[in-house]
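What follows is the residue order along each chain.
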Amino acid sequence: MKNTSKIFSTLLIGLCASSNAQEIPSDWPKPVEQYNTGMILFDRFEYTRTNDEENIGVWDMIGWYGGDTYRLYFKSEGENKQDDGEATDLERAELLASKLIAPFWEFQAGIGTRGTLSSESNMENYAVISLYGVAPYQFEMDNSIVINEDGDVSFSVEAEYEIRVTQTSFLQPRLALAGSLSESERFDRPSGFNSIRIGLRYRYEFAREFAPYAGIYWSRSLGNSADIARNNGESVSETGLVVGARFWF
Amino acid sequence: MNNRMKQNRRVFLKNAAYATGGLALLGQMRAPWAFPEGYSNSKNHSGIAEVNYGNAVVGGENIKMTISRQQKKIAGDIARPITINDISPGPLLRLREGQQVKIHVTNELPDSTSIHWHGFILPFNMDGVPGVSFPGIDPNSTFTYEFDIEQNGTYWYHSHSGLQEQLGHLGPVIIDPVDGDIGADREHVIQLSDWTFEDPHDVFRHLKVAEGYYNYQQRTISDTVNDIKKQGFVNTVKERAMWANMRMNPRDILDVTGSTYTYLMNGRDAQTNWTALYKPNESVRLRLINGSAMTYFDFRIPGLEMTVVAADGQPIKPVKVDELRIAVAETYDVIVRPIGSNTYTLFAESMDRSGFVRGTLSTELGKEAHVPTLRKMPERGMAAMGMSFDMSGMKGMNEMDTSAADAKSRATSSGSSVAHMNDHSSMPSRALPVDDINIKHDENGHGPGASMLANNPTSRLDEPGVGLENVKHRVLLYSDLTGAKEWPDTREPTQTVELHLTGNMERYMWSFDGLKFNEVDGPIHFRYGERIRLILVNDSMMNHPIHLHGMWMELENGNYPPPRKHTISLKPSEKVSLLISADAPGNWAFHCHLLYHMDAGMFRIVSVS
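Conventions adopted
- Residues numbered from 1 in each chain as written.
- Chains lettered and ligands numbered in written order.
- Predicted model: local features only at pLDDT ≥ 70, side-chain atom pairs only at ≥ 80, totals over all residues.
- Helix = DSSP H or I, 4+ residues; strand = E, 2+ residues; numbered from the N terminus.
- Buried ≥ 20, exposed ≤ 12 C-beta atoms within 10 Å, placed from the backbone.
- Contact = placed C-beta atoms within 7 Å.
- Rg over C-alpha atoms; globule rule 2.2 N^0.38 Å.
- Axes fitted to C-alpha atoms, helices over the stretch in contact; angles between N-to-C directions.
- Parallel < 35°, antiparallel > 145°, perpendicular 65-115°, else oblique.
- Left-handed = near helix turned anticlockwise from the far one by under 90°.
- Pairing = 2+ DSSP bridges.
- Core = buried A, V, L, I, M, F, W, Y, C linked by C-beta atoms within 7 Å.
- Domains from an automatic or database assignment.

(A) Up close: the overall build of chain B. Within chain B, the secondary structure is distributed over seven helices and 34 strands. Sorting the 609 residues of chain B into buried and exposed places 56% on the buried side. Excluding contacts between residues fewer than 6 apart, the proportion of contacts in chain B whose partners are at least 24 apart in sequence is 76%.

Structure below.
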């Protein structure tokens with residue numbers, strides 16, 4: 001009896017195998033599932049004290065959601081001078097679609113806005129494309145080209161590097177460079193390089209997700225932007241101290 | 001830092017447990033099947049049959065296994081592992097070659113589950129992989145596995161659903177040969193695993209969004225200063241620049257480390273010291289099973305030589321070693337002969353030296369021997385960057401690089417120390433079939449999912465692997481393995497299949513040929529009845545234990561008969577060739593057995609028809 005059933009089951013399996021081997025029923029679950037995931041990262045959330053004794057609150061964050069190849073990004077950056085009664089200065093708020101085009105690079109395209117967040121504000125709305133990723137020698141980069149409603153083209157380069165001091169503390173130099181290919185009168189932006197900002201910060205990880213830091217920076221207006229500043233009697237360069245935290249969730 | 005937080009949390013949880021009287025509920029310290037006496041071969045006792053271990057040891061023709069999730073104590077803390085018959089790791093499944101078995105698996109979890117019988121030769125619809133061999137076992141339902149046992153040896157079982165394996169959904173399997181002989185006076189199962197108190201999905205997310213999240217052994221400024229002192233400024237900068245240029249890290253050894261894992265031996269951590277007993281003059285068979293989700297272990301018993309007699313459950317010609325590396329999902333059987341009534345430490349160190357677990361081999365309970373300290377964090381060499389290590393200009397730039405090159409020359413020169421030490425390397429190194437096979441990369445370099453290509457992959461079967469290059473004792477090599485007997489199929493291969501192991505560490509993408517499972521059109525096709533030569537090329541900088549379900553892979557390592565395995569571990573920039581008899585019709589899973597690599601997409605279906 002046992003043997004018969006064994007032979008029968010072998011036959012049955014043989015039959016199933018020959019007919020079913022190729023086709024897996026469509027209502028079965030996938031053996032491995034692809035998940036989407038995401039994160040919100042405040043790379044800089046800091047308080048700045050400039051050499052002009054101004055206090056400025058600064059944020060620089062990204063958020064993303066998606067899979068390995070396609071992701072949706074939100075990037076925002078800005079500052080608010082304390083006690084000057086003026087509104088927050090939004091340097092960028094961008095929504096981008098992103099595609100992984102090379103192992104270390106994402107191509108991103110989207111829309112954004114920037115300007116002073118006040119009622120009579122003159123917001124600059126624009127389209128943006130970015131090359132976002134890690135360059136050889138481990139530089140984390142965000143390179144963007146922006147074209148606004150008037151057709152003015154500007155660009156920015158941001159690069160960060162990490163030097164590991166201990167397993168949980170890091171020295172991090174940072175460079176940001178901004179420029180314009182065409183002049184924009186409406187937004188006070190002459191053509192050429194506009195500004196450079198170099199920073200160095202030391203951060204200590206209490207957890208991977210939370211790392212307070214302290215640092216210094218130096219920034220300077222460049223080219224025509226510097227000339228305009230000089231003519232207005234403003235200083236061309238600025239140095240400052242920062243205290244803040246890098247955190248993500 | 002992280003460890004300190006973990007410590008604090010532990011103290012807290014312990015206090016909480018005392019306060020609530022919770023300890024009474026949490027009896028479990030070791031897997032109940034891992035009794036200190038082990039299993040004795042003596043004719044007077046029929047072994048376990050006399051003692052009632054309840055359903056912690058299951059056997060016979062009708063077996064019940066119930067899967068649920070329960071509060072248990074692991075490494076002194078409260079945890080919620082998945083349990084099988086109320087224990088985690090699950091019960092010891094003890095079968096006999098030639099028997100038939102029906103295993104009724106009842107799912108009391110809120111999610112679908114499964115059990116895969118790792119290393120078993122059985123019909124494909126009994127293999128237990130949801131989406132490949134069956135639809136899975138729904139909550140509150142029972143699936144009956146039914147198959148014949150056609151083999152013997154040491155194996156294991158585990159869930160093939162999602163990340164359940166990381167929650168302790170696993171257990172050991174022993175299949176006794178027809179004559180019941182265990183080949184020694186006594187035997188012990190040593191099942192290694194890695195436990196985390198984090199949710200496995202959180203672990204996976206951390207790997208995805210924050211590269212290096214678990215690695216607290218990276219190079220720092222002080223390492224750079226030390227290297228400058230040792231190798232000079234120019235060499236240090238050159239070497240650093242090469243890694244940085246590749247955007248890689250020589251200390252990427254394991255993705256998930258001791259910073260979150262507690263390593264377990266038979267369910268116990270190093271502190272609680274699982275103990276195996278022996279009687280003086282006995283030979284003891286240790287059945288080593290690496291049931292980890294992500295951890296390669298280096299196993300040794302200081303002061304005691306091990307004779308390896310089986311790999312992946314299949315008998316091999318005995319090899320005497322002092323240490324062996326056991327990749328995830330592999331099993332090795334070793335026989336030891338303790339001297340006098342000495343006490344020994346069973347020491348399993350994670351490959352990245354971020355942690356260990358130990359047990360004790362002794363003649364009585366309550367003893368312990370010296371516990372070795374963890375060795376230094378190893379660094380990967382040039383091969384991990386996809387470069388061949390005989391590039392003469394690179395030699396001497398990096399310690400590991402030179403040692404890798406040395407290991408190679410040592411293994412091939414007959415007067416060398418390694419050749420003397422290893423029983424089988426006294427044979428002249430043979431040319432391997434894979435040496436003459438030219439491999440091909442995709443035209444597009446396997447796409448954005450592959451951040452590295454191995455420019456000149458080579459056979460590395462005679463290398464002990466990262467971190468073991470310079471040890472002074474005998475380490476098991478894949479080139480040491482020789483099948484104990486001829487396998488039935490000795491035909492030449494008629495179909496060749498080449499697959500590349502690819503990955504992008506930065507985004508934690510893992511794949512074959514740059515394509516994740518959800519990106520491929522259909523299965524890999526093995527023609528039924530034919531002899532297949534499978535060529536695997538590791539185009540990544542990590543080690544990968546590659547597992548084929550349902551069929552043996554005979555490793556073409558130049559020895560005859562070849563060893564046959566269910567899981568083959570590849571080193572960076574390594575190529576291997578394997579012979580497979582495509583005698584098992586149906587669909588079979590084929591994947592990297594690092595759990596999060598598999599889940600990230602390093603998975604294919606092999607269809608035999």
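Let us keep going from here.
(B) Fine view of the overall build of chain A. Assigned secondary structure in chain A consists of two helices and 13 strands. Here the C-alpha radius of gyration of chain A, 26 Å, is well above what a compact globule of 249 residues would show, namely 18 Å. Dimensions along the principal axes, computed over C-alpha positions, put chain A at roughly 105 × 45 × 35 Å. Evaluated residue by residue, chain A yields a buried proportion of 22% over its 249 residues. If you take every contact in chain A between residues at least 6 apart in sequence, the share linking residues at least 24 apart comes to 42%.

(C) Highlighting the interface of chain B and chain A. Opposite the 44 residues of chain B that make contact, chain A presents 32 residues. Counting residues per element, the ones that place at least two in the side of chain B that touches chain A are α2 (200–209), α4 (233–246), β33 (586–592), α7 (595–600) and β34 (603–608) of chain B.

(D) Inspection of the packing of helix α3 (residues 221–231) of chain B against α4(B) at higher detail. All names here are of chain B. At a closest axis distance of 7 Å, the pairing of α3 and α4 adopts a crossing angle of 130°. The pairing of α3 with α4 is recorded here as oblique in orientation. The handedness of the crossing between α3 and α4 is right-handed. Residues Thr224, Asp227, Ile228 and Gln231 of α3 touch α4, and the partners they reach there are Phe233, Asn235, Thr236 and Arg240.

(E) Local environment of the pairing of strand β7 (residues 139–148) of chain A. Residues and elements named next belong to chain A. Bridging between strand β6 (residues 124–135) and β7 involves ten bridges; their strand directions are antiparallel. Across the sheet, the residue bridging to leucine 131 is asparagine 143, located in β7. Here β6 hands over to β7 after three residues, with tyrosine 137 in that stretch at a positive phi of 70°. Bridge count for β7 against strand β8 (residues 153–160) is eight bridges, and the pairing is antiparallel. Bridged to isoleucine 145 within β8 is phenylalanine 155. Between the end of β7 and the start of β8, which pair antiparallel, lie four residues, with glycine 151 showing a positive phi angle near 90°.

(F) Spotlight on the nonpolar core. All names here are of chain B. Core analysis: the biggest nonpolar cluster contains 150 residues, and Leu192, Val308, Ala348 and Trp588 have the highest contact counts within it. For this core, the domains that each give at least three residues are domain 1 (20–183) and domain 2 (431–609). Aside from chain neighbours lying at most four places away, what touches leucine 192 is Tyr263, Leu264, Met265, Ile289, Asn290, Gly291, Ser292, Phe297, Ala348 and Val357.

(G) The environment of Ile326(B), seen in detail. Residue and element names in this part refer to chain B. The topology assignment puts isoleucine 326 in strand β20 (residues 323–326). By C-beta crowding, isoleucine 326 is classed as buried, having 26 other C-beta atoms within 10 Å. Sequence separation between isoleucine 326 and alanine 348 is 22 residues; the distance between their C-alpha atoms is 9.4 Å. Contact partners of isoleucine 326, with chain neighbours within four places excluded, come to Leu288, Asn290, Phe297, Phe299 and Tyr332.

(H) Structural context of the sheet that holds strand β2 (residues 57–59) of chain B. All names here are of chain B. Here five strands make up an open sheet; going across it, the order is β2-β7-β12-β11-β9 and the pairing mixed. Strand pairing shows two members of the sheet lacking a second neighbour, β2 and β9 (116–118), which therefore form its edges. If you compare each strand with its neighbour and ignore which way they point, the axes differ by 25° on average. In this structure, strand β11 (residues 153–158) lies alongside strand β12 (residues 170–176), joined through six bridges in antiparallel fashion. In the sheet register, tyrosine 155 faces β12, and the bridge partner there is valine 173.

(I) How the structure looks around the domain arrangement of chain B. All names here are of chain B. What the domain assignment lists for chain B is domain 1 (20–183) and domain 2 (431–609). Taking only C-alpha atoms, the centre of domain 1 and the centre of domain 2 are 28 Å apart. Taken together, the contacts link twelve residues of domain 1 with eleven residues of domain 2.

(J) Layout of the sheet that holds strand β6 (residues 82–84) of chain B. All names here are of chain B. With mixed pairing, four strands are arranged side by side in an open sheet as β6-β3-β8-β10. Edge positions in the sheet fall to β6 and β10 (142–148), since each of these pairs with one other strand and no more. Geometrically, the sheet is characterised by an average inter-axis angle of 20° between neighbouring strands, direction not taken into account. Relative to strand β8 (residues 100–107), strand β3 (residues 62–69) runs parallel, the two being bridged by six bridges. Note that in β8 the partner of isoleucine 63 across the bridge is isoleucine 103.

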